[in-house]
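The residues making up each chain are set out below.
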Amino acid sequence: MLSGKIVGFLMSAVLLGALFTGMSRAQDVGPVVLTTQVAVESIRPSFTHPGRIEALRTGSVRPVLRAQIVEMNITAGAIVEEGDLLLVMDETDYRIALAQADANLKQAEANAVRADLDLDRAEKLVKSNAVSQREVDYARAQWEVAHAQVDIAKALIEQAREDLADTKVHAPFSGRISAPVYAVGDLYAPGDPTRPAAVAEIVSLDPIYATGLVDQSNYFSFLARRLALEEAGRSIPPLELEVILPGNIPYPLKGTFENWDNTAVASTGTIAARLLFDNPDGTLLPGQNVTIRGQLIEAVEAPLVPQRAVSLDQQGHFVWVVTGEGVVERRNIKVGIRNDADWTILEGLAEGNEVVVEGLQKLRPGLNVTPKPYEN
């Protein structure tokens, strides 16, 4: 029989061997990482972007005459229709001016009749040598002056009539009007530097713009993708556009893309995109901050990976892929659009590839890992 010391030594050796074997196997297994498989799914990609409501038209209620305000039909915040009477100015001076212009026209017409007679008489007398040709030329010149005075008098009457009509100020278009800064009895004088130039402001409400400032790099990326689609004989997939109001309340009516602004904002590196929305009830008001949300109307098939699995360095976007042997390798990819918490993948991955989602910091090419399923 073996002595007690020999048995104890053998048992210690067995335990140490098991310990070192376990350590070796642990090194072979490698660190644990959480992975997911690239799956092709049917999605309706969407985006959200901060936006601001803007009026299509903004106008001023601004009389063109100097006169006292005698009537005002402006209620702060009220909806006015195009052509509504907003202001009535004192028309006394302008009625007098019209009467004077009418009298001047009658006088000018009388002078023209006399000039007609003088010219006719001179032309008859010159034939019998009773007057000289010089007197005929003088009579003709007087005739031209008289008839020119008639034309001037007629023009002054038209101006006086327009001035009289301008004593009544109408809404230039339909919209919501602000509080007036003048009152009945105030003297309005165009160009007066001591008083506001406008009596009130009007903004159109239906339809209305939702405007978002888009980064110029994204704008040019959009143009490049649109060109690529056009060259391939395809069109940009239609989007469903909506506005999300404060409190995460969806505005019930959908919008359409209207245009890009004609200039970029150099200080922020952005360009404005405008969406057009019907606003029959005036729910959307200029100056409101909203969220613009867009979503593809028709679903598309696309490979997806979680955003947290995608890294970015000087070479571009990349992921870590676990091979069938349990080894990780870097895979450079080209990402498309975001879909909630996922990226769509344009190049670099295939359906079924196993991508590391968590444990990225400790990875290096060729490292053996122990993959475990990632649960979102």
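Basis of the calculations
Residues numbered from 1 in each chain as written. Predicted model: local features only at pLDDT ≥ 70, side-chain atom pairs only at ≥ 80, totals over all residues. Heavy atoms only, no water. Helix = DSSP H or I, 4+ residues; strand = E, 2+ residues; numbered from the N terminus. Rg over C-alpha atoms; globule rule 2.2 N^0.38 Å. Buried < 20%, exposed > 50% of the residue type's maximum accessible area, 1.4 Å probe, protein only. Contact = heavy atoms within 4.5 Å. Areas by Shrake-Rupley, 256 points an atom, 1.4 Å probe, with all protein chains shown as cover. Lys, Arg positive; Asp, Glu negative; His and termini not counted. Charge placed at Lys NZ, Arg CZ, Asp CG, Glu CD. Expected span 1.5 Å × (residues − 1). Pairing = 2+ DSSP bridges. Phe/Tyr/Trp six-rings, centres within 6.5 Å; stacked < 30°, edge-to-face > 60°. Core = buried A, V, L, I, M, F, W, Y, C linked by side-chain atoms within 4.5 Å.

(A) Summary view of the overall build of the protein chain. Of regular secondary structure, the protein chain possesses four helices and 25 strands. The C-alpha radius of gyration of the protein chain comes to 42 Å, more than 25% above the 21 Å expected for a compact globule of 376 residues. Dimensions of the protein chain, computed from the C-alpha atoms along their principal axes, are close to 175 × 50 × 35 Å. Buried residues in the protein chain amount to 32% of all 376 residues. Contacts in the protein chain between residues far apart in sequence, at least 24 positions, make up 75% of those at least 6 positions apart. Element-wise, carbon and sulfur atoms account for 54% of the exposed surface of the protein chain, whose accessible area totals about 23100 Å². Considering the protein chain, the positive charge centre built from 34 side chains and the negative charge centre built from 49 side chains are found 5 Å apart.

(B) Quick look at helix 4 (residues 216–231). With 16 residues, helix 4 ought to run about 22 Å at 1.5 Å a step, and its terminal C-alpha atoms sit 23 Å apart, in line with that. Phi for Gly233, located one or two positions after helix 4, is positive at around 75°.

(C) Local environment of the sheet that holds strand 6 (residues 79–80). Sheet architecture is open: four strands sit in the order 4-11-9-6, paired in antiparallel fashion. The outermost strands of the open sheet, each flanked by one partner alone, are strand 4 (58–61) and strand 6.

(D) Broad picture of unusual backbone geometry. At the junction of Asp206 and Pro207, the peptide bond is cis and its omega measures out at 0° in the coordinates. Considering the arrangement of structural elements, one finds Pro207 in the loop between strand 11 (200–203) and strand 12 (208–215).

(E) Layout of the packing of aromatic side chains. Going through the model one piece at a time under the given rule, you end up with three aromatic pairs. Taking 6.3 Å as the distance between ring centres and 75° as the angle between the ring planes, the aromatic pair formed by Tyr251 and Phe277 counts as edge-to-face. You can see Tyr251 sitting in the loop between strand 14 (249–250) and strand 15 (256–265) and its partner Phe277 sitting in strand 16 (residues 270–277), a full 26 residues away along the chain. Residues Tyr251 and Phe277 agree in their burial class; the two are buried. Pairing Phe318 with Trp320 gives two aromatic rings, centres 6.1 Å apart and planes at 85°, and the pair type is edge-to-face. According to the relative accessible area criterion, Phe318 is buried, its value standing at 9%. Judged by relative accessible area, which is 9%, Trp320 ranks as buried.

(F) Examining the nonpolar core more closely. Counting 21 residues, the largest nonpolar core has Val61, Ile74, Leu86, Leu87, Ile177, Val199 and Ile202 as its most contacted members. Contributing elements (two or more residues each) for this core: strand 5 (67–72), strand 7 (85–89) and strand 11. Setting aside its immediate chain neighbours within four residues, Val199 contacts Val61, Pro63, Met72, Ile74, Leu87, Ala179, Pro180, Val181, Tyr182 and Tyr188. Listed in part, the 14 residues of the second largest apolar core include Val310, Trp343, Leu349 and Val357.

(G) Region of interest: the sheet that holds strand 3 (residues 46–55). Ordered by their spatial adjacency, seven strands build an open sheet running 14-13-17-3-12-16-15, and the pairing between neighbours is antiparallel. Unpaired on one side and paired on the other, strand 14 and strand 15 mark the two borders of the sheet. With seven bridges connecting them, strand 3 and strand 17 (residues 289–296) associate as antiparallel partners. Within strand 17, the residue paired with Ser46 across the bridge is Gln295.

(H) How the structure looks around the pairing of strand 11. Side-chain alternation along strand 11 places Ala200 and Ile202 on a buried face and Glu201 and Val203 on a face that remains uncovered. In the sheet, strand 9 (residues 175–177) pairs with strand 11 via two bridges, with the strands oriented antiparallel. Bridging across to strand 11, Ile177 finds its partner in Ile202.

In short, the description is geometric, and any link to function would need to be established separately.
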